[in-house]
Amino acid sequence: MVRSSRKILLYLTVIALVLIGRQIIQKKSNQMIKVTKQPVVVIGSGLAGLTASNQLANSYKIPVILLDKAKSIGGNSIKASSGINGALSTTQESLKVKDSPELFLEDTVKSAKGKGVEPLMKKLTSDSRSAISWLQESFGLKLDKLAQLGGHSTARTHRSSTNIPPGYELVSTLSKALKKTSEENPDLVQILLNSKVIDVIINKSGQVEGVKYIDETGETQILQTSNVIFSTGGFGYSKDMLEKYNPDLVKLPTTNGEQTTGDGQNILEKLGAKMIDMSEIQVHPTGFIDNANRDSNWKFLAAEALRGLGGILLHPETGKRFVNELSTRDSVTAAIQNYCPKNDNRAIILMSESLYSNYKANVDFYMSKNLVFKGTVKEMVDHYNIKSPLDAVVQGLKHYSTASKDDFNRPLIVNSFGKDVNSNTIVYYGEITPVVHFTMGGAQIDEHSQVLNTANKPLAKGLYAAGEVSGGVHGANRLGGSSLLECVVYGRTAANSIASRY
Ligand code: FAD
Ligand code: SIN
């Protein structure tokens with residue numbers, strides 16, 4: 001009798017453990033979080049997807065399946081070259097740079113030109129400090145150097161003194177953390193590459209139920225889930241979408257990778273999402289022209305940090321400056337298009353030796369690709385067959401380096417060519433042209449990263465978006481450095497929103 005009661009007790013204990021196992025209770029940051037078996041599906045492994053996945057799996061112990069249609073992790077995020085914005089960061093404090101979320105918001109709203117959604121901009125800027133400290137504290141990233149990019153009132157674009165390009169550093173660090181978790185606990189993180197999402201299933205009561213994707217063998221699969229985060233990036237590579245939303249830009253080359261085809265925007269629009277600012281497509285003024293393939297549709301970006309750290313733009317025939325290189329991207333692009341030769345839409349970017357020492361790894365990379373050359377001012381003038389006399393070009397550089405007030409009201413002159421600049425001074429130079437770079441529009445989200453419908457209500461329970469696929473955060477013109485920030489702020493927000501309901 002006693003033996004059989006013990007058996008029953010043991011049996012009941014086993015059943016209870018199995019049931020608890022299905023609804024595991026994890027303790028994290030003094031918070032009790034219920035974790036069900038159903039993982040969150042994150043679509044896209046750029047910075048937005050990596051941020052959301054890390055926050056879910058490593059902070060909340062919520063299981064994640066990360067899907068990407070590409071064969072490797074990182075999307076466009078891995079290419080990012082200038083850095084990530086933050087106001088009131090510890091880096092700014094230690095470098096004694098004055099800033100505030102209010103000033104950052106002011107710059108963002110001004111650049112947005114009446115488009116976008118101001119509360120989303122407010123969240124972007126006010127959460128920027130914690131975004132930078134999350135990267136520094138949770139992942140050990142230094143982010144200890146700053147640049148002032150176009151349209152910013154102060155230096156707030158962070159990169160690391162490791163000299164590893166920012167996008168690569170962020171993606172490799174966050175993906176390493178996620179892979180480590182996946183190796184230690186495969187139930188917590190699964191990463192499926194070569195897996196292209198084609199649809200999301202939403203039931204009649206408006207709850208996400210699953211994600212449909214094509215796996216690496218070409219089979220269609222369905223993942224059951226109640227929560228999905230779209231982090232599929234922009235559409236700058238898709239000529240069809242450029243044709244649809246801003247046909248004037250179809251002829252321009254792009255910096256975007258071939259995976260940047262707006263899949264997320266198309267799926268979400270079909271599901272009934274409110275699309276916002278879709279025709280607002282950012283043309284970055286400086287894509288490098290590779291002399292070996294001048295007409296290529298794809299261009300390496302000449303990072304805005306090159307101008308932020310002192311690079312100037314010269315008219316390719318006169319060798320004269322023509323614009324405040326630190327105004328917003330749309331203004332610099334317009335100046336190139338209006339002022340430089342119409343037939344080939346190009347200008348020269350010129351950098352000093354001190355800029356080179358400050359941004360060596362990047363400039364070395366451009367030199368290794370034959371996009372930037374090192375030579376004297378005279379060699380530069382000969383290289384581009386500049387029509388003005390050499391002395392006039394030298395005087396122009398001296399004036400820029402010594403004048404008390406800049407001719408174009410450039411707010412910051414750093415790493416200039418020096419008062420002793422002459423025809424033998426060493427400079428670094430390349431040719432640039434405007435390029436399609438970033439799509440500001442997308443599926444409108446709210447401050448919880450929920451995708452909205454055309455009535456401005458959440459489109460479905462469990463449907464989130466973060467990063468370039470979403471719209472409303474930048475309006476008509478994104479400030480440099482604010483896209484990586486958007487990925488971190490709204491990627492974390494999507495994860496936090498899911499955790500609060502899990
Ligand atoms: P992405 O990083 O583009 O990732 C999207 C991922 O989704 C991709 O891996 C893609 O394969 C995947 N995907 C797409 N469709 C599907 C599908 N149907 N199924 C499964 N997976 C899918 N911003 C800054 O703030 N600072 C910078 O210094 C900076 N430099 C840049 C330099 C370059 C050259 C470029 C191109 C952009 C730069 N940007 C910069 C912009 C910024 O990098 C991107 O806008 C941002 O990283 C986008 O991140 P994301 O996570 O939204 O998308
Ligand atoms: C750049 O390096 O110029 C790109 C920065 C950005 O797109 O924010």
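Residues numbered from 1 in each chain as written. Chains lettered and ligands numbered in written order. Predicted model: local features only at pLDDT ≥ 70, side-chain atom pairs only at ≥ 80, totals over all residues. Heavy atoms only, no water.

1. Quick word on the packing of aromatic side chains
In the structure shown here, the tally under the stated rule is 11 aromatic pairs. Seen in terms of ring centroids, Phe-365 and Tyr-366 are 6.1 Å apart; in terms of plane orientation they differ by 65°. Their pairing is edge-to-face. By relative accessible area, which is 37% here, Phe-365 ends up partly exposed. Residue classification places Tyr-366 among the buried residues on the basis of a relative accessible area of 4%. Taking the centre distance of 6.2 Å and the plane angle of 40° together, the rings of Phe-373 and Tyr-429 count as tilted. (Phe/Tyr/Trp six-rings, centres within 6.5 Å; stacked < 30°, edge-to-face > 60°. Buried < 20%, exposed > 50% of the residue type's maximum accessible area, 1.4 Å probe, protein only.)

2. Notes on unusual backbone geometry
Phi is positive for Asn-194, close to 50°, though the residue is something other than glycine. With respect to the element layout, Asn-194 can be found in the loop between β8 (189–192) and β9 (196–202). The phi dihedral of Asp-277 falls on the positive side, at around 55°, and the residue is not glycine. Along the chain, Asp-277 falls in the loop between β13 (275–276) and β14 (281–288). (Helix = DSSP H or I, 4+ residues; strand = E, 2+ residues; numbered from the N terminus.)

3. Focus on the site of ligand 2
Contacts to ligand 2 come from Ser-81, Ser-82, His-284, Leu-301, Ala-303, Glu-304, Arg-329, His-437, Arg-478, Gly-480 and Gly-481. Take His-284: an N or O atom from its side chain is 2.7 Å from an oxygen atom of ligand 2. Relative to its unbound accessible area of 260 Å², ligand 2 is 92% covered by the protein chains. When grouped by side-chain class, the residues that make up the shell around ligand 2 number two nonpolar, six polar and three charged. (Near = heavy atom within 4 Å. Polar contact = N/O pair within 3.5 Å; in protein donor to acceptor, adjacent residues only side chain to side chain. Areas by Shrake-Rupley, 256 points an atom, 1.4 Å probe, with all protein chains shown as cover. Nonpolar A, V, L, I, M, F, W, Y, C, P; charged D, E, K, R; others polar.)

4. With respect to the UniProt feature "domain: FAD-dependent oxidoreductase 2 FAD-binding" (unreviewed entry) in the chain
Mapped onto this structure's residue numbering, the UniProt feature "domain: FAD-dependent oxidoreductase 2 FAD-binding" (unreviewed entry) falls at residues 40–484. Each end of residues 40–484 is marked by a C-alpha atom, and these two atoms are 22 Å apart; helix forms 31% of the span and strand 20%. (UniProt positions renumbered as here; feature names shortened; annotations may be inferred.)

5. Some points on the environment of Lys-179
With respect to the helices and strands, the residue Lys-179 is situated in helix α7 (residues 166–184). For the pair Lys-179 and Gln-190, spaced 11 residues apart in sequence, the C-alpha to C-alpha distance is 8.5 Å. Each residue touching Lys-179, except ones within four places of it in the same chain, is listed here: Ile-73 and Ile-191. (Contact = heavy atoms within 4.5 Å.)

6. Description of the sheet that holds strand β5 (residues 84–85)
Strand pairing in a sheet relies on backbone hydrogen bonds, with the paired strands running either antiparallel or parallel. Read across the sheet, three strands follow the order β5-β7-β6 without closing on themselves; strand pairing throughout is antiparallel. Either end of the sheet is taken by a strand with one partner, and the two such strands are β5 and β6 (145–147). Two strands pair when backbone bridges link them, and β6 and strand β7 (residues 157–159) are joined in this way by three bridges, in the antiparallel orientation. Looking at the pairing, Leu-146 lines up with His-158 of β7. (Pairing = 2+ DSSP bridges.)

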